[in-house]
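So the chains spell out like this:
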Amino acid sequence: MTGPRIVLVGPMGAGKSTVGRLLAERLGVAYRDTDDDIVADEGRTIAEIFVDEGEPVFRAIEKRAVHRALAEHDGVLALGGGAILDEDTRGLLSGHRVVYLSMDVEEAVRRTGLNVARPLLAVNPRRQWRELMEARRHLYEEVATAVVPTDGRTPEEVTRAALDALELTASPGGHPPDPRPEDVMANQVTRIQVGGTAGTDPYEVLVGRQLLGELAGLIGRKAKRVAVIHPEALAETGDALRADLAEQGYEAVAIQVPNAEEAKTAEVAAYCWKALGQSGFTRSDVIVGVGGGSTTDLAGFVAATWLRGVRWIAIPTTVLAMVDAAVGGKTGINTAEGKNLVGAFHPPGGVLCDLAALDSLPVNDYVSGLAEVIKAGFIADPVILELIESDPEVARTPAGPHTAELIERSIRVKAEVVSSDLKESGLREILNYGHTLGHAIEKNERYKWRHGAAVSVGMHFAAELGRLAGRLDDATADRHRTILESVGLPLHYRYDQWPKLLETMKVDKKSRGDLLRFIVLDGLAKPTVLEGPDPAVLLAAYGEVGQ
């Protein structure tokens, strides 16, 4: 019978793409994936088809793609996880060499994690995967010539097992192909150590994809109860985490809070305290904060203040939260008088930065987070600036080739600083570059501006202030304008608001008595403090920013 040499079936996350390419290389044939065919034909992702058209429409599209590939392709063919649901497709697979790549639920959760690109696992990965497998396992087994478990095996080991099961011999000179960047990235986890200071323990920031399997290890077995604090916008994700933790034996509760800065109030904190009290939360229990910077700020503050301090884990879902709010242990809420004026230094027990969460982030939120990334470049790591300048348009999207490196480098900058200065008594002040004016703008806008947008204007102001104070060279000052503008961040704010902004800055946390303090640059990656600048110089610097 003509057709593919091998057809791979199995659930999402089983490694069909990676193993399929290895098999094709060993046999000296071409590799094809029907999911790739669908994306190419439709011009949109499978997740988008699910959202836009619904599953029945997608299954019809998938059926056509599978039948075409079975007729046309003579190499190794991988089918989507649900392709075998169609009776006609199962009939066509009869007579082909079909390998079913199987895995258990724990392995599935480790591999799929919080990846929103997998539409059928968008709510509770563990429960949903189990339900999917209950409906599909007998169908996979029905069409399979061989069943090859993947649990605990490398892709190379799975490939050898599949060839042995089918009694196929690799072609002479066959060797593993170089892994695709996306395959390497899917399995690569970077661990960044944040050192403890007096009275605090060190912890790790994990950066990668499919990190959900790491959460229970960070929580530990001493905890009996876990509270998942999440914003309204992530209601499904919050409930998914709660349900997943409940299945692992924890008494888990989800606490929903308002979106963005509206969560950072004393009233919302009190609501969280009430929920913890009603749940019987003790000092050995753990809080998990999942969401953007505002949610992680709030979750950390609630953890710091409940019973004078309980452990918490941060799961940041935005660029801003990953590189700034979730690292370093600064927690807090806002008051009518200013931003983060009430808070505590309370480092997390660990941070999970799952890059898959960025895939669905609105572009304006993603770009806003780049302000903190660019800040890290100017104060400590110029390579960040070079990566963005190499292709600013690509830097505006999580699909860019440098996304993981930009986030990791930014986290390393902050980790190095906070490891030596937890409580902002010295070096840590440099992380406030652009924030003195930025916070004043946020307050003036009643926190309707994105944090990154305000910090962008603040960095533009700090660069001009450094230039006018004789600290910063023209080229580096001008570079601020160029790079911020190139990714779509704002440079200007209303000129007539200067008196109000000045008064707000005088009560900023970074001020000392009546002296205004600004972080400026003596040169690229050379931050320093400018204390009590001449009011005329301040006004002149704002003259470059105001419109």
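Residues numbered from 1 in each chain as written. Predicted model: local features only at pLDDT ≥ 70, side-chain atom pairs only at ≥ 80, totals over all residues. Heavy atoms only, no water.

Let's talk about helix H20 (residues 451–468)
Line of reasoning, step 1. Spanning 18 residues, H20 covers 26 Å between terminal C-alpha atoms, matching the ideal 26 Å at 1.5 Å per step.
Line of reasoning, step 2. Backbone geometry just after H20 places Gly-470 at a positive phi near 80°. (Helix = DSSP H or I, 4+ residues; strand = E, 2+ residues; numbered from the N terminus. Expected span 1.5 Å × (residues − 1).)

Remarks on the sheet that holds strand E7 (residues 203–208)
Paired through their backbone hydrogen bonds, the strands of a sheet run either parallel or antiparallel.
Line of reasoning, step 1. Strand order in the open sheet made by the 7 strands is E6-E7-E14-E11-E10-E8-E9, with mixed pairing throughout. Here the strands that pair on one side only, and so sit at the sheet edges, are strand E6 (190–194) and strand E9 (251–257). Recorded for the sheet is a direction-independent mean angle of 15° between the axes of neighbouring strands.
Line of reasoning, step 2. Along the sheet face, helix H12 (residues 266–278) touches strand E8 (225–231), E9 and strand E10 (286–291) and points at about 160° away from the line of E9.
Line of reasoning, step 3. Each of E8, E9, E10 and strand E11 (311–316) touches helix H13 (residues 293–305); the most contacted strand, E10, lies at about 170° to it. (Pairing = 2+ DSSP bridges. Axes fitted to C-alpha atoms, helices over the stretch in contact; angles between N-to-C directions. Contact = heavy atoms within 4.5 Å.)

Observations concerning the pairing of strand E5 (residues 146–149)
Line of reasoning, step 1. A one-sided burial pattern is seen for E5, the buried positions being Ala-146 and Val-148 and the unburied ones Val-147 and Pro-149.
Line of reasoning, step 2. One ladder, built from 4 bridges, connects strand E4 (residues 98–102) with E5; its direction is parallel. Opposite Tyr-100, over in E5, you have Val-147 as the bridge partner. (Buried < 20%, exposed > 50% of the residue type's maximum accessible area, 1.4 Å probe, protein only.)

Concerning helix H4 (residues 55–72)
Line of reasoning, step 1. Its 18 residues give H4 an end-to-end C-alpha distance of 25 Å, which sits within 8% of 26 Å, the value for a rise of 1.5 Å per residue.
Line of reasoning, step 2. Taken together, the buried positions of H4 are occupied by Phe-58, Arg-59, Ile-61, Glu-62, Ala-65, Val-66, Ala-69 and Leu-70. Along the long axis of H4, the arc covered by the buried residues comes to 165°, so they all point the same way. Seen from the open side of H4, the exposed residues pointing more than 90 degrees away from its buried face are Pro-56, Arg-64 and Ala-71. (Arc of directions from axis to C-beta.)

Here's the deal with the packing of helix H1 (residues 16–27) against helix H8 (residues 155–166)
Line of reasoning, step 1. With their axes 9 Å apart at the nearest point, H1 and H8 run at an angle of 55° to one another. Between H1 and H8, the interaxial angle falls into the category oblique. Where H1 crosses over H8, the two elements pack in a sense that is right-handed. Across the interface between the two elements, Thr-18, Val-19, Leu-22, Leu-23, Arg-26 and Leu-27 of H1 pack against Pro-155, Glu-156, Val-158, Thr-159, Ala-162 and Leu-163 of H8.
Line of reasoning, step 2. Looking at side-chain class alone, the contact of H1 with H8 contains 8 nonpolar, 2 polar and 2 charged residues. (Parallel < 35°, antiparallel > 145°, perpendicular 65-115°, else oblique. Left-handed = near helix turned anticlockwise from the far one by under 90°. Nonpolar A, V, L, I, M, F, W, Y, C, P; charged D, E, K, R; others polar.)

Focus: the environment of Glu-251
Line of reasoning, step 1. In this fold, Glu-251 is placed in strand E9.
Line of reasoning, step 2. The spatial distance from the C-alpha of Glu-251 to the C-alpha of Phe-281 is 9.9 Å, given a sequence separation of 30 residues.
Line of reasoning, step 3. A distance of 3.5 Å separates a polar atom in the side chain of Glu-251 from a polar atom in the side chain of Arg-225. (Polar contact = N/O pair within 3.5 Å; in protein donor to acceptor, adjacent residues only side chain to side chain.)

Regarding the side chain of Lys-414
Line of reasoning, step 1. Of note, Lys-414 is situated in helix H18 (residues 403–420).
Line of reasoning, step 2. Separated by 2.9 Å, the side chain of Lys-414 and the backbone oxygen of Val-327 make a polar contact.
Line of reasoning, step 3. Here Lys-414 is in contact with Val-323, Asp-324, Ala-325, Val-327, Gly-328, Arg-428 and Leu-431, once residues within four sequence places are set aside.

Details of the confidence of the model for the protein chain
Line of reasoning, step 1. The share of residues in the protein chain with pLDDT of 70 or more is 88%, and the mean pLDDT across the chain is 86.
Line of reasoning, step 2. When the criterion is pLDDT under 50, residues 113–123 qualifies, and its contacts beyond four places in sequence or with other chains add up to 36 contacts.
Line of reasoning, step 3. Scored below 50 in pLDDT, residues 173–186 makes 18 contacts in the model with residues more than four places away or belonging to other chains. (pLDDT = per-residue confidence, 0-100.)

Some points on the packing of aromatic side chains
Line of reasoning, step 1. Taken as a whole and judged by the stated rule, the model has 8 aromatic pairs.
Line of reasoning, step 2. Taken together, a centroid distance of 6.4 Å and an interplanar angle of 65° make the contact between Phe-461 and Tyr-542 edge-to-face. With a gap of 81 residues between them, Phe-461 in helix H20 and Tyr-542 in helix H23 (residues 535–545) connect regions that are remote in the sequence.
Line of reasoning, step 3. Take Tyr-542: its relative accessible area is 0%, and that puts it in the buried class.
Line of reasoning, step 4. Within the aromatic cluster, the residues linked to one another by ring pairs are Phe-461, Tyr-495, Trp-498, Phe-518 and Tyr-542. (Phe/Tyr/Trp six-rings, centres within 6.5 Å; stacked < 30°, edge-to-face > 60°.)

Structural notes on empty space enclosed by the protein
Line of reasoning, step 1. Evaluated as defined, the whole model comprises 6 cavities of 30 Å³ or more.
Line of reasoning, step 2. The volume enclosed by the largest cavity comes to roughly 90 Å³.
Line of reasoning, step 3. Every residue lining the largest cavity is counted, 12 residues in all, and those nearest its centre are Gly-338, Lys-339, His-439, Thr-504 and Asp-508.
Line of reasoning, step 4. Contributing elements (two or more residues each) for the lining of the largest cavity: strand E13 (338–345) and helix H19 (435–444).
Line of reasoning, step 5. Ranked by residue count, the leading element in the lining of the largest cavity is H19, at 4 residues.
Line of reasoning, step 6. Residues that form the lining of the largest cavity fall into these classes: 3 nonpolar, 4 polar and 5 charged. (1 Å grid on protein atoms, 1.4 Å probe; cavity = no way out; pocket = protein on both sides within 12 Å on 5 of 7 lines; lining within 4 Å. Points joined across faces, edges and corners; volume = space filled by probe spheres on them.)

What about the sheet that holds E4?
Line of reasoning, step 1. Strand order in this open sheet of 5 strands is E2-E3-E1-E4-E5, and the pairing throughout is parallel. Of all the strands in the sheet, the pair left with one neighbour each is strand E2 (31–33) and E5. Neighbour-to-neighbour, the strand axes of this sheet turn through a mean angle of 25°, independent of strand direction.
Line of reasoning, step 2. In this sheet, strand E3 (residues 76–78) lies alongside strand E1 (residues 6–9) in parallel orientation, the contact comprising 3 bridges.

Regarding the packing of helix H15 (residues 363–379) against helix H16 (residues 382–390)
Line of reasoning, step 1. For the pair H15 and H16, interaxial distance at closest approach is 6 Å and the crossing angle is 130°. In this view, H15 runs oblique relative to H16, as classed from their interaxial angle. Two secondary-structure elements touch here, H15 through Val-373, Ile-374, Ala-376, Gly-377 and Phe-378 and H16 through Pro-382, Ile-384, Leu-385 and Ile-388.
Line of reasoning, step 2. Across the contact of H15 with H16, the residue classes break down as 8 nonpolar, 1 polar and no charged.

As for the side chain of Arg-44
Line of reasoning, step 1. As for its placement among the helices and strands, Arg-44 is situated in the loop between helix H2 (34–42) and helix H3 (46–53).
Line of reasoning, step 2. For Arg-44, the side chain forms a polar contact with the side chain of Glu-42, separated by 3.4 Å.
Line of reasoning, step 3. Polar side-chain contacts of Arg-44 include one of 3.4 Å to the side chain of Glu-53.

Side note on the nonpolar core
Line of reasoning, step 1. Of all hydrophobic cores here, the largest spans 75 residues; its most connected members are Val-205, Ile-287, Leu-298 and Ile-374.
Line of reasoning, step 2. Here this core gets 9 residues from one element, more than from any other, and that element is H15.
Line of reasoning, step 3. Those residues within four positions of Ile-287 in sequence are excluded, and the remaining contacts are Ala-227, Ile-229, Leu-276, Phe-281, Ala-299, Val-302, Ala-303, Val-310, Arg-311, Trp-312 and Ile-313.
Line of reasoning, step 4. One finds Ala-14, Ala-78, Val-158 and Ala-161 within the second-largest nonpolar core, a separate group that totals 21 residues. (Core = buried A, V, L, I, M, F, W, Y, C linked by side-chain atoms within 4.5 Å.)

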